[in-house]
Amino acid sequence: MALKCGIVGLPNVGKSTLFNALTSAKALAANYPFATKDPNVGVITVPDPRLDKLAELVNPQKVQPTTVDIVDIAGLIKGASKGEGLGNQFLGNIREVDAIVHVVRCFEDDNVVHVDGSVDPVRDKMIIDTELILKDIETVEKRADRVRKIAKSGDKSAQKVVAVADALLAHLESEKPARSFETEEEGEQLIKEMMLLTAKPILYVCNVDEDSILDGNALTKAFQEDVKDEDAGVILISAGIEADIAELESKEERMEFLEDMGLSEPGVNKVIRAAYDLLKLITYFTAGEKEVRAWTIRNGTKAPGAAGVIHTDFEKGFIRAEVIKYADYVEYGSESAAREAGKLGVEGKEYVVTDGDVMHFRFNV
C-alpha cells in the first residue's frame, strides 16, 4: 500500500534532519533555505513489537515489517501560493501525499538562522496555513466558476455542488482548513475530488532542544495552546538527538543513549506510529515458516480487500480467511495449538479485519 506522509515546514526548522533520522537516508541538511530542492522520498518501517513476538514464536526464514513512505518537501516561504520561492513545486508535492507532518521550530540557536529572523512557531504555522488555504481558495473558486454556469440552467446536481463550494469558500476565507469543514457525503466527495491541501490529516512535530525534550518549553506550550481546538496530534522531538541516535551502530548503544537522556524510545518511533494512526491504518499479519510479515490496510477493510494487498488474485478468487487473534496466537504459541484450542476462526467476505489479526487466505483463480 503506497501511502505517503509529507514533512513540511519553513526553511531551517529541522525537516531534513528529522527525515534523515526517520529513514537513515542522507538527505542534504544545510543551514540555508532550500537545502532540499527536490522532495526526498524514503521508506520507514513501522515499529511493532507484535511482529517481533510472532517471529520469535515462528522462527521464519524472513521477517518483513510494514512501511510508510515519507517525503521531505522543500521549505516554503510567504507568497508560495502565488509562486514565490519554490511555491508551486512545494504545493504540488503536498498535493501528492496522504498526510502532512508539519515540523515547527521550538528552539533558540544563534548558529541556525531563521528565515524570518526570530523563533515563533505559532507565526510559522500561520504562514504555511495561510499559503495552503489561499491555494485551496483558488482551487475551489475555479471549480465553482465552472459549475455555476451549469447550475444557472437549472441542473439540480450542479446547484448542490455550487452550494457546497460557496459554503466551503466561506469556511476557508475565515482562515479555517478544509479538514474542519462539516458537510454531507456529497460535500466530502467534492473535497476529495479537488485534492485540497488543507483537507489532509496533519501531525505537528515541535522540534526542541535537548533540555526541552521531556517537558517542552515556553515555545511548545504557546504552540499547543494555539492548536488545541484542531483535530491534530502534537509531538515533541529533538531532531538533534534523533540524528545522534541514528549514527549509533548497535541497538545496545542506542538504548544506553536513550536511557542517559531519560527517554524510553527514539522520538522517530512516536512520529512513525502517529503518522500511521493519522492515516487511519491498521496492521494484520501473515505467519509461516518462510516469512512472518506485517501488512498495512485502512481501518474498516474487509477480508477480500486485505487479501488483495498481498496480491490482486487473492482478492479476485477469495474463498475464505482463517483468522487467529494476536493474543490467542501468543497465548497458545503456534497456529496449530491455537487451531486445536478452537481459536482459529473461518471468516467470509463480510469479515472486517481488526488490528493484529493473524490471517491465512484461501482463494481460487
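Residues numbered from 1 in each chain as written. Predicted model: local features only at pLDDT ≥ 70, side-chain atom pairs only at ≥ 80, totals over all residues. Heavy atoms only, no water.

Colleague: Kindly report on unusual backbone geometry, identifying the contributing residues and their values.
Modeller: Notably, Asn12 is not glycine yet its phi reads approximately 65°, a positive angle. In this fold, Asn12 is placed in the loop between strand S1 (4-8) and helix H1 (15-23). (Helix = DSSP H or I, 4+ residues; strand = E, 2+ residues; numbered from the N terminus.)

Colleague: Any details on the packing of aromatic side chains? Residues and values, ideally.
Modeller: In this structure the tally under the stated criterion is four aromatic pairs. One aromatic cluster is present, built from ring pairs that chain together Tyr284, Phe318 and Phe361. Over the ring of Phe107 we find Arg105, and its NZ or CZ is 4.4 Å from the ring centre. Sitting over the face of the ring of Trp295, Arg293 holds its NZ or CZ atom 4.0 Å from the ring centroid. (Phe/Tyr/Trp six-rings, centres within 6.5 Å; stacked < 30°, edge-to-face > 60°. Lys NZ or Arg CZ within 6 Å of the ring centre and 35° of its normal.)

Colleague: Give a detailed account of the side chain of Asn217, specifying residues and quantitative values.
Modeller: Here Asn217 is to be found in the loop between strand S6 (202-207) and helix H7 (218-226). Apart from the residues lying within four places of it in its own chain, the contact partners of Asn217 are Cys106, Val208, Asp209 and Ser212. (Contact = heavy atoms within 4.5 Å.)

Colleague: So what about the sheet that holds strand S5 (residues 99-105)? Which residues, and what values?
Modeller: Taking strand neighbours across the sheet as the criterion, the six strands line up as S2-S4-S1-S5-S6-S7 in an open arrangement whose pairing is mixed. At either end of the open sheet lies a strand with only one pairing partner, and these are strand S2 (40-45) and strand S7 (233-237). Here the average twist between neighbouring strands, direction ignored, is 25°. Inspection of the sheet shows S2 paired to strand S4 (residues 67-72) by six bridges, in the antiparallel sense. Opposite Gly42, over in S4, you have Ile70 as the bridge partner. Packed on one face of the sheet, H1 meets S1, S2, S4, S5, S6 and S7 and runs near 40° to S2. (Pairing = 2+ DSSP bridges. Axes fitted to C-alpha atoms, helices over the stretch in contact; angles between N-to-C directions.)

Colleague: I'd like a rundown of the packing of helix H4 (residues 121-152) against H7, residues and numbers included.
Modeller: Closest axis-to-axis distance for the H4/H7 pair is 8 Å, and the angle between their directions is 45°. In terms of axis orientation, H4 runs oblique to H7. Of the residues in H7, those touching H4 at Pro121, Val122 and Lys125 are Leu219, Ala222, Phe223 and Asp226. Partitioning the contact of H4 with H7 into residue classes produces five nonpolar, no polar and two charged. (Parallel < 35°, antiparallel > 145°, perpendicular 65-115°, else oblique. Nonpolar A, V, L, I, M, F, W, Y, C, P; charged D, E, K, R; others polar.)

Colleague: Hey, could you go over the packing of H4 against helix H6 (residues 185-194) for me, with residue numbers and the actual values?
Modeller: At a minimum axis distance of 11 Å, the contact between H4 and H6 shows a crossing angle of 110°. Between H4 and H6, the crossing angle belongs to the class labelled roughly perpendicular. Helix-helix and strand crossings are classified by hand; for H4 and H6 the assignment is right-handed. Between H4 and H6, the residues in contact are Thr139, Val140 and Arg143 and Leu190, Glu193 and Met194, respectively. Partitioning the contact of H4 with H6 into residue classes produces three nonpolar, one polar and two charged. (Left-handed = near helix turned anticlockwise from the far one by under 90°.)

Colleague: I'd love a proper account of the nonpolar core, names of residues and values included.
Modeller: Ranked by internal contacts, the top residues of the largest apolar core, which has 54 residues, are Cys5, Leu22, Val68, Leu203 and Val205. When residues of this core are assigned to their parent elements, the largest contribution, seven residues, is made by helix H10 (residues 267-278). Discounting chain neighbours no more than four positions away, the residues touching Val205 are Leu18, Val101, His102, Val103, Val104, Ile235, Ile237 and Val271. Judged by nonpolar contacts, the second largest core, of 20 residues, contains Ile137, Ala178, Ile191 and Leu196. (Core = buried A, V, L, I, M, F, W, Y, C linked by side-chain atoms within 4.5 Å. Buried < 20%, exposed > 50% of the residue type's maximum accessible area, 1.4 Å probe, protein only.)

Colleague: Explain the pattern of salt bridges residue by residue, including any values.
Modeller: Where charged atoms of side chains with opposite charge meet at close range, the side chains can pair. Inspection of the entire model under this criterion finds 19 salt bridges. As a salt-bridge pair, Lys142 and Glu138 come within 3.4 Å of each other at their nearest N and O atoms. Here Glu138 and Lys142 lie together in helix H4, a separation of four residues that amounts to about one turn. For Lys142, a relative accessible area of 48% gives the class partly exposed. (Salt bridge = Lys/Arg side-chain N within 4 Å of Asp/Glu carboxyl O.)

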